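Chain by chain, the residues run as shown.
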Amino acid sequence: AAAGRTSGYGGAGGDYGIPGSSHGQLGAMEILDDTQGVDFGPYLSRVIHDVKLNWYNLIPEIARPPIMKRGRVAIEFAILRNGQVAGLKLAGSSGDTSLDRAAWGGISGSNPFPPLPSEFQAPYLHLRFHFFYNPEKGDLQ
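Residues numbered from 1 in each chain as written. Predicted model: local features only at pLDDT ≥ 70, side-chain atom pairs only at ≥ 80, totals over all residues. Heavy atoms only, no water.

Participant: With reference to specific residues and values, describe the overall build of the chain.
Facilitator: If you tally the helices and strands in the chain, you get three helices and four strands. What you see in the chain, going N to C, is helices and strands ordered as α-β-α-β-β-α-β. Per-residue burial for the chain yields a buried fraction of 47% across its 141 residues. The contacts of the chain with a sequence gap of at least 6 include a subset with a gap of at least 24, amounting to 76%. Carbon and sulfur atoms make up 51% of the accessible area of the chain, which totals about 6800 Å². (Helix = DSSP H or I, 4+ residues; strand = E, 2+ residues; numbered from the N terminus. Buried < 20%, exposed > 50% of the residue type's maximum accessible area, 1.4 Å probe, protein only. Contact = heavy atoms within 4.5 Å. Areas by Shrake-Rupley, 256 points an atom, 1.4 Å probe, with all protein chains shown as cover.)

Participant: Talk me through helix α3 (residues 97-108); I want residue IDs and the actual numbers.
Facilitator: Relative to the 16 Å expected for twelve residues at 1.5 Å per residue, α3 spans 16 Å between its end C-alpha atoms, a close match to the ideal helical length. Those residues of α3 that fall on the buried side of the exposure criterion are L99, D100, A102, A103, G105, G106 and I107. In this structure, the buried side of α3 is in contact with α2 (41-58), β2 (71-80), β3 (85-92) and β4 (124-133). (Expected span 1.5 Å × (residues − 1).)

Participant: Go over the nonpolar core with me, naming the residues and quoting the values.
Facilitator: By size, the foremost hydrophobic cluster in this structure holds 31 residues, and its most contacted members are F77, L127, F129, F131 and Y133. Secondary-structure elements contributing two or more residues to this core are β1 (24-31), α2, β2, α3 and β4. Residue contributions to this core peak at seven residues, all from α2. Excluding residues within four positions of it along the chain, F77 makes contact with V85, A86, G87, L88, I107, F113, L125, H126, L127 and F129. (Core = buried A, V, L, I, M, F, W, Y, C linked by side-chain atoms within 4.5 Å.)

Participant: Can you tell me about the packing of aromatic side chains, naming the residues and giving the values?
Facilitator: Overall, the coordinates contain eight aromatic pairs when judged by the stated rule. A ring pair is formed by W55 and F131, whose centres lie 5.0 Å apart and whose planes are at 70°; its orientation type is edge-to-face. Of the two residues, W55 is situated in helix α2 and F131 in strand β4; the sequence distance between them amounts to 76 residues. Exposure class is identical for W55 and F131. Each is buried. Measuring from centroid to centroid gives 6.3 Å for F77 and F113, while their planes differ by 25°, and the two rings are stacked. One end of the pair, F77, is in strand β2; the other, F113, is in the loop between α3 and β4, and 36 residues separate them in sequence. The same class applies to F77 and to F113, which are both buried. Site record: aromatic cluster; members linked through ring pairs are W55, Y56, F77, F113, F129, F131 and Y133. (Phe/Tyr/Trp six-rings, centres within 6.5 Å; stacked < 30°, edge-to-face > 60°.)

Participant: Any details on the packing of α2 against α3? Residues and values, ideally.
Facilitator: The geometry of α2 relative to α3 is characterised by a closest axis approach of 7 Å and an angle of 145° between their N-to-C directions. Like other packed secondary-structure pairs, α2 and α3 cross with a definite hand, here right-handed. Of α3, the residues touching α2 (which contributes V51, N54, W55 and L58) are A102, A103, G105, G106 and I107. Among the residues making up the contact of α2 with α3, the classes are represented as six nonpolar, three polar and no charged. (Axes fitted to C-alpha atoms, helices over the stretch in contact; angles between N-to-C directions. Left-handed = near helix turned anticlockwise from the far one by under 90°. Nonpolar A, V, L, I, M, F, W, Y, C, P; charged D, E, K, R; others polar.)

Participant: Explain the pairing of β3 residue by residue, including any values.
Facilitator: Bridge count between β2 and β3: five bridges; the pairing is antiparallel. Among the inter-strand pairings, A78 is bridged to a residue of β3, identified as A86. Connecting the antiparallel pair β2 and β3 is a turn made up of four residues, with G83 showing a positive phi of about 95°. (Pairing = 2+ DSSP bridges.)

What follows is the structure, encoded as structure tokens:
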């Protein structure tokens, strides 16, 4: 059920209108748990916004002109009921430590998030974020 609801919270939409960086895009965001019918749209919009702001500040120089290194990073983590981040795991490396660390820092630098919605009764929400550096159009599909 959760898989059918993820496209509205990231999908392949790419940039979410935060000015100042055309070098990185937070692409697909996946909910890896049953949402119990809870609408996470507003909550996850805030999570995505916070992660992007922190990540954009950490994008390394090699991903900026003139080098414009490309890469993709996947990170899994859980948000506990109180908003704390737990279980950060690199699920897919870009092959470049500086790109991986910037994506990691986008999440860890946003800790804690707001508490999970009260109607969600599970102890945590498990997510996977995909970070793209200088993607080509085909990379985001």
